[in-house]
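Structural overview
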Amino acid sequence: MPPIARTVLLLSASNVFMTFAWYAHLRNLSQRPWFIAAFASWGIALFEYMLQVPANRIGHGTMNLGQLKMLQEIIALSVFIPFAALYMKEPVRLNYLWAGLCLCAAVFFMFRR
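Just so we're clear, the structure is a prediction, and the values are computed from it rather than from any experiment.

Okay, the side chain of Gln52 next. Residue placement: Gln52 occurs in helix H2 (residues 34-60). Gln52 has contacts with Leu11 and Ser14, leaving out every residue within four places of it along the chain.

Here we come to the layout of surface pockets. Reported here for the largest pocket is a volume of approximately 170 Å³. The wall of the largest pocket is formed by Leu11, Ser14, Asn15, Met18, Glu48, Gln52, Asn56, Leu65, Leu68, Lys69 and Gln72. Of all the secondary-structure elements, those providing two or more residues to the lining of the largest pocket are helix H1 (3-28), H2 and helix H3 (65-87).

On to H1. If you check H1, its first and last C-alpha atoms are 36 Å apart, about what 26 residues at 1.5 Å a residue would give, namely 38 Å. Residue Trp22 marks the point of greatest curvature in H1, where the axis turns by about 45°. Turning to H1, its buried residues number three or more, namely Thr7, Leu11, Ser14, Asn15, Met18, Thr19, Ala21 and Ala24. On its buried side, H1 packs onto H2 and H3.

On to the packing of aromatic side chains. Applying the stated rule across the entire model yields ten aromatic pairs. Here the aromatic rings of Trp22 and Tyr23 are separated by 6.0 Å at their centres, their planes lie at 65°, and the arrangement is edge-to-face. Aromatic ring contacts, followed pair by pair, group Trp22, Tyr23, Phe80 and Tyr96 into a single cluster.

Moving on: the nonpolar core. The biggest cluster of nonpolar side chains holds seven residues, and these are Leu11, Ala55, Met63, Leu68, Leu71, Ile75 and Val79. Of the residues forming this core, the biggest block, four residues, is contributed by H3. Apart from the residues lying within four places of it in its own chain, the contact partners of Ala55 are Thr7, Leu10 and Leu11.

Position of Lys89 among the secondary structure elements: in the loop between H3 and helix H4 (94-111). Classification of Lys89 as exposed rests on a relative accessible area of 63%. When the C-alpha positions of Lys89 and Ser78 are compared, they lie 16 Å apart, and in sequence the two are eleven residues distant.

Reading the values: the criteria
Residues numbered from 1 in each chain as written. Predicted model: local features only at pLDDT ≥ 70, side-chain atom pairs only at ≥ 80, totals over all residues. Heavy atoms only, no water. Helix = DSSP H or I, 4+ residues; strand = E, 2+ residues; numbered from the N terminus. Contact = heavy atoms within 4.5 Å. 1 Å grid on protein atoms, 1.4 Å probe; cavity = no way out; pocket = protein on both sides within 12 Å on 5 of 7 lines; lining within 4 Å. Points joined across faces, edges and corners; volume = space filled by probe spheres on them. Expected span 1.5 Å × (residues − 1). Bend = angle between axes of the 7 residues up to and from the residue. Buried < 20%, exposed > 50% of the residue type's maximum accessible area, 1.4 Å probe, protein only. Phe/Tyr/Trp six-rings, centres within 6.5 Å; stacked < 30°, edge-to-face > 60°. Core = buried A, V, L, I, M, F, W, Y, C linked by side-chain atoms within 4.5 Å.

So this is what it looks like as structure tokens:
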């Protein structure tokens, strides 16, 4: 599998864990003390880092740091929108589309020769 494909797959899986670590406590642990949510988030984040660190190491061999960051941001938004809609039951707003288009423009500028 090409390095960029492995990077995208690992970053996508990493972002699923990251999104849950950052936001799922708002739904599941909102009535618990904040430090319980923090410890639960740290536990989830461990799995995120176990995927994200190898992804960045693989990707950095093929992409520069700015390209790697832009790729991660596109993946993060691609994971966040379904998470917000399906798990958190938040309405999908048109602002998500505009933000995504701005990120696509950022990717264009980071990856152009």
